[in-house]
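# Remarks on the overall topology
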Amino acid sequence: MDCDSLRPAISLVTPVSVAPPGKMACYGKCIETVIKQLDQFKPEKDSPEQFLETVSTSLQTLSPQKQAFILEILSGCLEYRKLLTIVVDAFYLRDGRLCLWADYSLFEVICYLATFQLEKLGLQLFRDIVKSQPVHKVCKFLRFFFNPLNLGSWIKDEWSLVYETAYVRENWINPLTRWQPEVQELINQLQGLLTNQSPLSKTKAKVTEPKEFNLTAPRPRTIPVPEPVPEVAKTKPVPRSTYQPPKEQHLLEMTKRYNRWKAEELLLRANIEERQCAASRAWGAPPLQDSRKKLRRRFLPRILKTPKLTFYRSNNNAPVKLNTAAILREGALYQRQVEKELQRVDRLVDGAGDFSGFLEWQKKMQAKDQAEQLAAGQCRRLQGKLSHEEAVLARQQVVQEKKQKADRKKAEVTGGHPTAELMQQCAERRLQEERSMKELVEQVMETQKNVKAAQTKLLKGRRQTVQEVIEESRELLQRSAEAAREEHRRRFELISQLRALETQPTRRDKLVDLTQIPSYGLEGEMSVVELRERLALLKETQQRKEEEKRDQIIQGKRAKSRELQNTVEQIALCRAAMGRSAALRWEEKEVQSAAQRAPSQDERVLELQRRIQEKAAERRRQVAPLHVSPPRAARPKPRAQLEAQRRLELEQSRERRLRALQRGGSACGPARRLGAT
C-alpha cells in the first residue's frame, strides 16, 4: 500500500500527540476496537480513506481523546501494513506456529506501537498497553520481534525491499535496538507474571480426588498351548546367471573387436598401396615427377598483392570505385612518400652516408638464416615421418602377437554347451509369462467394465447440467435482446431530437473587413492585407538568399571536384610507378625463392631420408604375408561368425518349439494379442 495514498486519511486524525486513556481497562477497550476494525478491513475491496471515514463516523459516541487514539493507531496500521505483514507472517512461521490466526490483528497493533509509537508513548504507557492484552501471547511476540538477530538480519533486509535502506536503518532499526534492553526487562516481568499466576490458579480451583472402582478381581488366564511352527518350503537359490553378464554382450564385444581389426587392416593396406591417381596436382599442370615443381606450379603468383596499387582487382578487370575520403587519403599518403624521398635526396646531396652496402649484407645474412631454418624444418618433418614409420612397425608387431595369442586360445577352447536344458527353461519361462499375461488381461477387462459404468453415469450427469445451462443461457439471451431493443429505441428517439435541432435555421455568415486594424492597444498592430504584403516581401528575400547560397555551394563543389581530379591523376602516376617497382621486387623474390627451393644437401636431412626408406621397406616386408590371402572356399571363418551362426540356429529351433506349444494351447492366443495391444 502506498504511503501517499494514506495522507488524506491520516489528516482526519486530530494533529495532537497521542494521549491514551489513563486506565488499563481503557487501553484494553481501545486496542480491542482497533483489532475489530482491522479484522473488518478488506484490502481487495475497501480503500483506506473511505474506511477511516466510516470508522470515524461510527466512533462519534466515544470521547475525543479515545477517538484520536483509535484513529491514529488504525491509520498507522493501514499505512505500514506491508511492513507489519512481513513481521507477523514470519512470527507465525517460526515461533507462533501454535498461535491462533484470530490474533493476527493483535500482533499487527503491537508491532506498530513498538516500531512507530514507542518514542511518543514512553516505556511506562507501552507497558500498561501490553499488560492490558493476553500476557502469554504478547510476551511471545515481543521476544520474537526484539531479538537482535532478527532485527539486524532478515527484518532489515525485508523492510529495505519496501523502503530505502538508509531510511529503514536510521528511523526504525536503530531506535528498536536502543529500546531492546528496556523491552527485554519488560518481557522478563511478563514472564514472571505468568509464572506467579500459574500456581495461584491451581490453589483456587477445586481439585477432584479420584476413587477406585469396586471391581471383582479377574481370573488368571490360562497359558495357551503353543501352536506348531509351520514348515516353510525351501526356496530355490538364485541362479548364477543373474550376477553374470549376458552372452550377447560378450558376442557383441567380440564382433566389435573383429570389425575394428578388419578396418585397421584395410586402412593399413590402403596406406601402403596408394595409387598414383590419389596424388593431387594443380589444375591444367602436366604430371611431373618432381614434387617441388608441382608445388611451385600450384602456387602461381598474382600480379599485384594489394588492391591499392591499381584501379582493377587481381581476379578480373572490374573497376574499383573510390569515394572522396579514399582518394584524399591515398593522395596524402603518396604526398608524404614523395616528401620523404625528397628529404632523403637532400640528405644525400648534403653528404649523408648510404646504407646500401649494409642492406645487402643484411639481406645475405637473412637469406642464410632462412636457409638454416628451412633445413631445420625439413629435419623436423623427416623425424616426424620416421617416428610414424616406427609406430606403424610397433603396431604391426602388437597385432601379430595378439593374433598368435588368439590362435592359441582357439586351439585350447573346446566344443559348445548343452542346449536341451536351456530350451526347456526357456519354454517354461514363456508359459509362465503367458499365464501372467492372461491374468493381467482379465483384470484389465474387469476394470474396463467398471470404467464404462462410471462413464455412462458421468455422461448422464453432464447431459443434465448441459440442459440446465442451455435453459439459463436462453433466458439470459432473451433478457439481453429485450434490453438491446430498449436501448435501440432510446437512441432512436435521441437521434430524432438532435436532427430536429439541426434543421432549425441559424445565421452562420459573418462580415469581416480585411483592411481594418483591430485596435486592441498592442504594439505593431496591422490589418490582414498589410500582414499578407509583409509576408510576401519576407518570402522574396528568403528565396534570394537561398539562391545566393546555392550558387556558393555549386562553386565550392566545382573547385573541390577539380582538386579531386588532380589528386586522382597524381595517384594514377604514383600507382604506375609503384607497380613497376613491385614487379621488379617480385622477380627478385622469385629468384631467391627458386634458389631456396633447391634440394637441400644437408647431412642430417640425407641421413633421415635413408632411415625412413629402410623403415618403410621393413614395414612392407612385414605386411606382405598379410596380403597373401588363401582361396575363399578354404578360408576358415572367424569365431565370432561361427558363434553368431550357432546362436541363430538355437533361436530358430526355439521358435519352432514355441509354435508347437502354442498350437496345443489355443486359449493363450487371444490373451497374447490383448497383452501386445
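Residues numbered from 1 in each chain as written. Predicted model: local features only at pLDDT ≥ 70, side-chain atom pairs only at ≥ 80, totals over all residues. Heavy atoms only, no water.

What follows covers the overall build of the chain. Assigned secondary structure in the chain consists of 20 helices and zero strands. Taking all 677 residues of the chain together, the buried fraction comes to 22%. Expressed as a percentage of contacts within the chain between residues at least 6 apart in sequence, the contacts between residues at least 24 apart total 74%. Just so you have it, the chain exposes about 54200 Å², and 55% of that area is on carbon and sulfur atoms. (Helix = DSSP H or I, 4+ residues; strand = E, 2+ residues; numbered from the N terminus. Buried < 20%, exposed > 50% of the residue type's maximum accessible area, 1.4 Å probe, protein only. Contact = heavy atoms within 4.5 Å. Areas by Shrake-Rupley, 256 points an atom, 1.4 Å probe, with all protein chains shown as cover.)

Membership of the largest hydrophobic core comes to 65 residues, with the highest contact counts inside it found for Ile31, Ile73, Val109, Leu113, Phe141, Phe145 and Trp159. Looking at this core element by element, the count peaks at 10 residues for helix H6 (residues 104-116). In this structure, Cys379, Leu386, Leu608 and Ile612 belong to the second largest nonpolar core, which totals six residues. (Core = buried A, V, L, I, M, F, W, Y, C linked by side-chain atoms within 4.5 Å.)

With that settled, the discussion passes to the side chain of Asn150. Structurally, the position occupied by Asn150 is in helix H10 (residues 148-162). Ignoring sequence-local partners within four residues, the contact set of Asn150 consists of Arg94, Phe144 and Ile155.

Enumeration over the complete set of coordinates arrives at 22 aromatic pairs. Ring geometry for Tyr80 against Trp172: centres 5.9 Å apart, planes inclined by 85 degrees, an arrangement best described as edge-to-face. On the criterion of sequence distance, the pair formed by Tyr80 in the loop between helix H4 (64-79) and helix H5 (81-93) and Trp172 in helix H11 (residues 165-204) is long-range, its members being 92 residues apart. Ring centres of Phe91 and Phe141 lie 5.2 Å apart, and the angle between their planes is 85 degrees; on these two criteria the pair is classed as edge-to-face. Remark: Phe141 occurs in helix H9 (residues 135-145) and Phe91 occurs in helix H5; sequence separation between them is 50 residues. For Phe91, a relative accessible area of 0% gives the class buried. (Phe/Tyr/Trp six-rings, centres within 6.5 Å; stacked < 30°, edge-to-face > 60°.)

Let's shift gears to the confidence of the model for the chain. As a note on interpretation, predicted positions should not be read in detail where pLDDT is low. Of all residues in the chain, 79% attain a pLDDT of 70 or more, and the chain-wide mean is 77. The low-confidence segment residues 198-203, where pLDDT is below 50, has zero contacts with residues more than four positions distant or belonging to other chains. Here residues 414-418 is modelled with pLDDT under 50, and outside its nearest four sequence neighbours on either side it reaches one contact, counting other chains as well. (pLDDT = per-residue confidence, 0-100.)

Before going further, it helps to examine the pattern of salt bridges. Within this structure, the stated rule accounts for 13 salt bridges. Note that Arg489 and Glu493 form a salt bridge whose closest N and O atoms lie 2.9 Å from each other. Taken as a pair, Arg489 and Glu493 lie in helix H16 (residues 420-502) at a separation of four residues, close to a single helical turn. For Glu493, a relative accessible area of 39% corresponds to the partly exposed category. Residue Arg610 is joined to Glu607 by a salt bridge in which the shortest nitrogen-to-oxygen separation is 2.2 Å. Highlighted residues: Arg610 and Glu607, both in helix H18 (residues 603-627), separated by three residues, approximately one helical turn. Arg610 sits in the partly exposed class, given a relative accessible area of 38%. (Salt bridge = Lys/Arg side-chain N within 4 Å of Asp/Glu carboxyl O.)

Taking 1.5 Å of rise per residue, the 15 residues of H10 would be expected to cover 21 Å, and the 21 Å separating its terminal C-alpha atoms lies within 8% of that figure. Of all bends in H10, the biggest is about 40 degrees, found at Ile155. (Expected span 1.5 Å × (residues − 1). Bend = angle between axes of the 7 residues up to and from the residue.)

The next thing to look at is unusual backbone geometry. Of note in this structure, Ser519 is not a glycine but carries a positive phi near 55 degrees. Looking at the secondary structure, you find Ser519 in the loop between H16 and helix H17 (528-596). Ser519 gets classed as exposed once you look at its relative accessible area, which sits at 56%.

Looking now at helix H15 (residues 356-412). With 57 residues, H15 ought to run about 84 Å at 1.5 Å a step, and its terminal C-alpha atoms sit 84 Å apart, in line with that. Taken residue by residue, H15 has Ala375, Gly377, Gln378, Cys379, Leu382, Leu386, Glu389, Val392, Leu393 and Gln396 as its buried positions.

Right, let's get into a nonpolar patch on the surface. Together, Phe358, Leu359, Trp361 and Met365 line one region of the surface with nonpolar side chains, adding up to about 420 Å² of accessible area. As for its placement among the helices and strands, Phe358 is situated in helix H15. The exposure class assigned to Phe358 is partly exposed, which follows from its relative accessible area of 47%. (Patch = residues over 30% accessible without salt bridge, like charges linked within 9 Å, V, L, I, M, F, W, Y side chains within 5 Å.)

Quick look at a negative patch on the surface now. A cluster of acidic residues, Glu468, Glu471, Glu472 and Glu475, forms a negative patch on the protein surface. Inspection of the secondary structure puts Glu472 in helix H16. (Lys, Arg positive; Asp, Glu negative; His and termini not counted. Charge placed at Lys NZ, Arg CZ, Asp CG, Glu CD.)

This part takes up a positive patch on the surface. A cluster of basic side chains, namely Arg257, Lys402, Lys405, Arg408 and Lys409, defines a positive patch on the protein surface. Tallying contributions element by element places H15 first for the positive patch, with four residues. Its location among the elements puts Lys405 in helix H15.

The next subject is the packing of H5 against H10. At a minimum axis separation of 10 Å, H5 and H10 run at an interaxial angle of 150 degrees. With respect to H10, the axis of H5 lies roughly antiparallel. Crossing handedness for the pair H5 and H10: right-handed. Contact with H5, carried on its side by Lys82, Leu83, Ile86, Val87 and Ala90, involves Trp154, Glu158, Trp159 and Val162 of H10 and no other residues of that element. Split by residue class, the contact of H5 with H10 holds seven nonpolar, no polar and two charged. (Axes fitted to C-alpha atoms, helices over the stretch in contact; angles between N-to-C directions. Parallel < 35°, antiparallel > 145°, perpendicular 65-115°, else oblique. Left-handed = near helix turned anticlockwise from the far one by under 90°. Nonpolar A, V, L, I, M, F, W, Y, C, P; charged D, E, K, R; others polar.)

Moving on, we get to the environment of Leu142. Position of Leu142 relative to the elements: it lies in helix H9. C-alpha separation for the pair Leu142 and Ala114, spaced 28 residues apart in sequence, amounts to 8.8 Å.

Glancing now at the packing of H5 against H9. Across the interface, H5 lies against H9 with an axial gap of 11 Å and an inter-helix angle of 110 degrees. Taken together, the axis directions place H5 and H9 in an arrangement best described as roughly perpendicular. Residues Val87, Val88, Ala90 and Phe91 of H5 touch H9, and the partners they reach there are Lys140, Phe141, Phe144 and Phe145. Class assignment for the residues of the contact of H5 with H9 results in seven nonpolar, no polar and one charged.

Bringing the side chain of Ser56 into the picture now. By the secondary structure assignment, Ser56 is in helix H3 (residues 48-58). Accessibility expressed as a relative area gives 16% for Ser56, which makes it buried. Looking at Ser56, its side chain comes within polar contact range of the main-chain oxygen of Glu53, at 2.6 Å. When near neighbours in sequence (up to four residues on either side) are disregarded, Ser56 contacts Gln67 and Leu71. (Polar contact = N/O pair within 3.5 Å; in protein donor to acceptor, adjacent residues only side chain to side chain.)

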